[in-house]
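Listed below, chain by chain, are the residues.
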Amino acid sequence: MDGILTDVAVGIKRGSDELSGTILSSPNSTMSSVVVTANGNDSKKFKVDDKMLGTPSRVLHIRKLPTEVMETEVIALGLPFGKVTNILMLKGKNQAFLEMASEEAAITMVNYYTAVTPHVRNQPIYIQYSNHKELKTDNALNQRAQAVLQAVTAVQTASTPLTGNTASESAVTPTQSPVLRVIIDNMYYPVTLDVLYQIFSKFGPVLKIITFTKNNQFQALLQYSDPVNAQQAKLALDGQNIYNACCTLRIDFSKLVNLNVKYNNDKSRDYTRPDLPSGDGQPAMDPAIAAAFAKENSLLAVPGSLSPLAMPGAAGRVAMSGVASANHSVLLVSNLNDEMVTPQSLFTLFGVYGDVQRVKILYNKKDSALVQMADVNQAQLAMSHLNGQKMYGKIIRVTLSKHQTVQLPREGLDDQGLTKDFTNSPLHRFKKPGSKNFQNIFPPSATLHLSNIPPSITEEVLKTLFVKTGGKVRGFKFFQRDHKMALLQMCSVEEAIQALIDLHNYDLGENHHLRVSFSKSTI
C-alpha cells in the first residue's frame, strides 16, 4: 500500500498519470489526456435535460469513459468544484462513481458540465446524479482507487490550502483569476514561450502569455479563458519538473484578471490577436533554435508526457533532434580583463552552468574569448546567467558565437597558452545524468555553497582562505547535519565570483578538494 501511495503521489505531483506520465488536460474546459487521440467521437454532443440528470446527490455517475481511463482523470473532473471523498471505478463498463464532500459541490459540478461538455482523453463523457446518496466501497476490491484518491487529496491540500471547513471553499470562485504567475526554478535548460504554451494549453484555451525575468528568475504570466482551467493547470503542474531534476514549475494565481499584450514575439503573445506587430526587440533566442527546441524537447512532445526528460549522457551529449548542438554551443565572451583572464578561470566560472569543452582567448583581441559548452542548452544557460556579471572588475558580455566549434592550435604551434581543451576534465559538474548538481544551478550570488570539506577544517580556516581572494566574508554557517558542507557569504556578487574562480577544486588536504557553487540562500 505504501509503495502504491508513494508512486501515485509522486506521479500526480509531477503531473503523471498512473506512473506512465500522461497529462490531464483540457481543450474543452475540462481535463482530458494529451497522449491518446480521440476515437472519432470528438464531435459527438450529449443533449441533457433535468430528468436525465436525475435527483441531486453528492454521488455522481460518470459514463462513456475511455477504456484506458485512469483514476486520476476521473478524480480531476471533480477537484475544481470541491473535495472528492470517494471513487468507484467500473472499468469493464467504462463507468465510474464519484462522491463529492457535499451535495452543493456536486450540483455545481453537474451544472458546469451541463453547459460545457466534459472530455476525457479527447472523448466526450456523460455525468449525471447517481441514485446512491453515498458510496460504500469494498476497500479490498477498490484498493488502488482509494490509494490514488488519498494521494490526490494530500497533494490538493498541500497545493491549495483552505481557509475554512466547507467543501465548496476549495471550488473555483468567481473572484479567482484566470491568470497564472509561473516561476521556473533550477532553469538548467531554457524554457521558451512555445514550450509553456504546449504545456498549459492542454488544460484549456490559453489566450495570452507574457514572459520576463525578475530577481534573476524566468517568469511568465499566462491567461486562460476560464478560471476553472487555471485551477486545473495549477493543481496538476505546480511543483513539477519539466526536465529531469530541473526547470521546476512554481505556480500561483495572479492578482491580474486580464493581460495587455502589445507585441507577438518570443517574449509575449496574444493568441486572440495574430495581427499584433512583433516589436523592435531582438529575440533572446534564435527562432530556429527555439522552434526546434520547443518541438522536439517540450515535455508534451515526447512519449510518456510529463515524465522528465532523460539528460544527455556523458559520452558527447546528444544533440537536439533537428539542431546540431555544436552549431550553437560556442559562446563569445567580450569585455574581459585581458591582464587577468585565463582559459582556466573561464572554464571554472562557465563550468557552473555546463561542461566546458574548450576555451580560446583570441590572439589579436585578448579581451575576448570563445567558450565551447557541451550543448546548446548549456550555452543558453551560461549566457542567461553570466551576461552582465563582473569578472576581474569588468562587466562581461556573453553572446552566441557564429563559430561552430573552437579549433585547437595546430600540433607544434605555440599559441601562448591561449587555447585549452577541457573535454576530458575531471571537474565537469554534469557528467552524471540525474546528478544533484542539476538541482543546484542558481544565478551568481554573494552566498556560496561549499562542499567536500574535511573534518579537520574549521570555520576560521575557511574564512581566512576566502579573504585571501580579495574580498570580505560577511557570514558563515556549517550545515547542521553535515559539516562537510557550509554556506559562506561574501560582501558582493563580484567577490563571490572571484572566490569561486580561485577556490573551486582547492586542495584542503586529506584528499579533499573544495567544491564551490552559487547558492540561493542567505545567511
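Residues numbered from 1 in each chain as written. Predicted model: local features only at pLDDT ≥ 70, side-chain atom pairs only at ≥ 80, totals over all residues. Heavy atoms only, no water.

Glancing now at the packing of aromatic side chains. Tallied over the entire structure, the rule returns six aromatic pairs. An angle of 10° between the planes, with centres 4.1 Å apart, marks the rings of Phe-347 and Phe-422 as stacked. With a gap of 75 residues between them, Phe-347 in helix α9 (residues 343-350) and Phe-422 in the loop between β21 (419-421) and β22 (447-451) connect regions that are remote in the sequence. Exposure remark for Phe-347: the relative accessible area of 4% places this residue in the buried category. Residues Phe-476 and Phe-478 carry aromatic rings whose centres are separated by 5.0 Å and whose planes lie at 85° to one another, so their mutual orientation is edge-to-face. Grouping residues by exposure puts Phe-476 and Phe-478 together as buried. What links up through ring pairs into an aromatic cluster is the set Phe-81, Tyr-112 and Tyr-113. Over the ring of Tyr-363 we find Lys-366; its NZ or CZ atom is 4.5 Å from the centre of that ring. (Phe/Tyr/Trp six-rings, centres within 6.5 Å; stacked < 30°, edge-to-face > 60°. Helix = DSSP H or I, 4+ residues; strand = E, 2+ residues; numbered from the N terminus. Buried < 20%, exposed > 50% of the residue type's maximum accessible area, 1.4 Å probe, protein only. Lys NZ or Arg CZ within 6 Å of the ring centre and 35° of its normal.)

What follows is about the sheet that holds strand β27 (residues 515-518). As summarised here, the arrangement of the four strands in space is β23-β24-β22-β27, forming an open sheet in which the pairing is antiparallel. Here the strands that pair on one side only, and so sit at the sheet edges, are β23 (473-478) and β27. Averaged over all adjacent pairs, the angle separating strand axes in this sheet is 20°, with direction ignored. Pairing geometry for β22 and strand β24 (residues 486-490), over four bridges, is antiparallel. (Pairing = 2+ DSSP bridges. Axes fitted to C-alpha atoms, helices over the stretch in contact; angles between N-to-C directions.)

Moving on, we come to the confidence of the model for the protein chain. With 75% of its residues at a pLDDT of 70 or more, the protein chain has an overall mean of 76. Averaged over each element, pLDDT in the protein chain is lowest for strand β1 (residues 24-25) (27) and highest for α9 (98). Across residues 1-49 the pLDDT falls below 50, and counting only partners more than four positions away or on other chains, this stretch makes 149 contacts in the model. Taken together, the stretch residues 281-327 has pLDDT below 50 and engages in 105 contacts with residues farther than four places along the chain or on a different chain. (pLDDT = per-residue confidence, 0-100. Contact = heavy atoms within 4.5 Å.)

Counted under the stated rule, the structure contains 10 salt bridges. Salt-bridge contacts for Lys-234 lead to Asp-238; the nearest nitrogen and oxygen are separated by 4.0 Å. One salt bridge in this structure joins Arg-273 and Asp-275, with 3.0 Å as the shortest N-O distance. A relative accessible area of 37% means that Arg-273 is categorised as partly exposed. Judged by its relative accessible area of 54%, Asp-275 is exposed. (Salt bridge = Lys/Arg side-chain N within 4 Å of Asp/Glu carboxyl O.)

Right, let's get into helix α4 (residues 103-115). Over its 13 residues, α4 extends 19 Å from the first C-alpha to the last, a length consistent with the 18 Å expected when each residue adds 1.5 Å. Buried residues of α4: Ala-105, Ala-106, Met-109, Val-110, Tyr-112 and Tyr-113, and no others. Along the axis of α4, the buried positions cluster into a sector of 165°, meaning they face one direction only. Exposed positions of α4 whose direction lies more than 90 degrees from the buried face are Glu-104 and Ala-115. (Expected span 1.5 Å × (residues − 1). Arc of directions from axis to C-beta.)

On to the pairing of strand β16 (residues 356-361). Along a regular strand, successive side chains alternate from one face of the sheet to the other. Here β16 pairs with strand β17 (residues 369-373) via five bridges, running antiparallel. Bridge pairing in β17 places Val-359 opposite Val-371. Note that β16 and β21 share three bridges and pair antiparallel. Bridging across to β21, Arg-358 finds its partner in Asp-421.

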